[in-house]
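Below are the chains, spelled out letter by letter.
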Amino acid sequence: YISTEIVGGWIAITGVIKSASNIPTNTILWILLVIFTGLTAVYILKQTFAPKKPLAIKQTSISTIAFIVWVFALGEPFESLSFYNPVYGSVLLILFNLTIPLVNPDEDNKKN
């Protein structure tokens, strides 16, 4: 549900940030999470836009949440939170991937 451009961009930028020294890595990663979450929503809206059809809000929501769940499973920047445990990320990712197919984004477009 997440575009490869967003995934590739996240992996590339976080790799650069983590390899740099003397920067506030955690703060930058949180800022990037917000930026990439917004980019995911905008990117999916743009990719699913069709003239005279409703916006693909359900697909955009699913993709945006999927991005956050995926980043949570990877760990950073969530590792800075006291409650975070990698097991939580793995469990959430598995549960999300098992349940989200039950929500069919195409149903919205079939109504019109």
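That block above? That's the structure.
Residues numbered from 1 in each chain as written. Predicted model: local features only at pLDDT ≥ 70, side-chain atom pairs only at ≥ 80, totals over all residues. Heavy atoms only, no water.

S.K.: How should I be thinking about the overall build of the protein in this particular structure?
M.R.: What the protein contains, in helices and strands, is 5 helices and 0 strands. Mapped from its N terminus to its C terminus, the protein presents α and β elements in the order α-α-α-α-α. Dimensions of the protein along its principal axes, counting C-alpha atoms only, are 55 × 30 × 20 Å. When burial is assessed residue by residue, the protein has 29% of its 112 residues classed as buried. (Helix = DSSP H or I, 4+ residues; strand = E, 2+ residues; numbered from the N terminus. Buried < 20%, exposed > 50% of the residue type's maximum accessible area, 1.4 Å probe, protein only.)

S.K.: What is the right way to look at unusual backbone geometry in this model?
M.R.: Backbone phi values are negative for most residues with the exception of glycine, while trans is the configuration of most peptide bonds. With an omega of 5°, the peptide bond running from glutamate 76 to proline 77 counts as cis. Tracing the sequence through the fold places proline 77 in the loop between α3 (57-74) and α4 (86-99). Positive phi, close to 60°, is recorded for asparagine 22, a residue that is not glycine.

S.K.: Sorry if this is basic, but what is going on with the packing of α3 against α4 here?
M.R.: Here α3 crosses α4 at 150°, and the two axes come no closer than 8 Å. Here α3 is positioned roughly antiparallel relative to α4, judged by the angle of their axes. Between α3 and α4 lies a crossing of left-handed hand. Where α3 approaches α4, its residues Ile62, Ile65, Ala66, Val69, Trp70, Phe72 and Ala73 are matched on the opposing element by Tyr88, Gly89, Leu92, Leu93 and Phe96. Each residue belonging to the contact of α3 with α4 can be placed in one class, and the counts come to 11 nonpolar, 1 polar and no charged. (Axes fitted to C-alpha atoms, helices over the stretch in contact; angles between N-to-C directions. Parallel < 35°, antiparallel > 145°, perpendicular 65-115°, else oblique. Left-handed = near helix turned anticlockwise from the far one by under 90°. Contact = heavy atoms within 4.5 Å. Nonpolar A, V, L, I, M, F, W, Y, C, P; charged D, E, K, R; others polar.)

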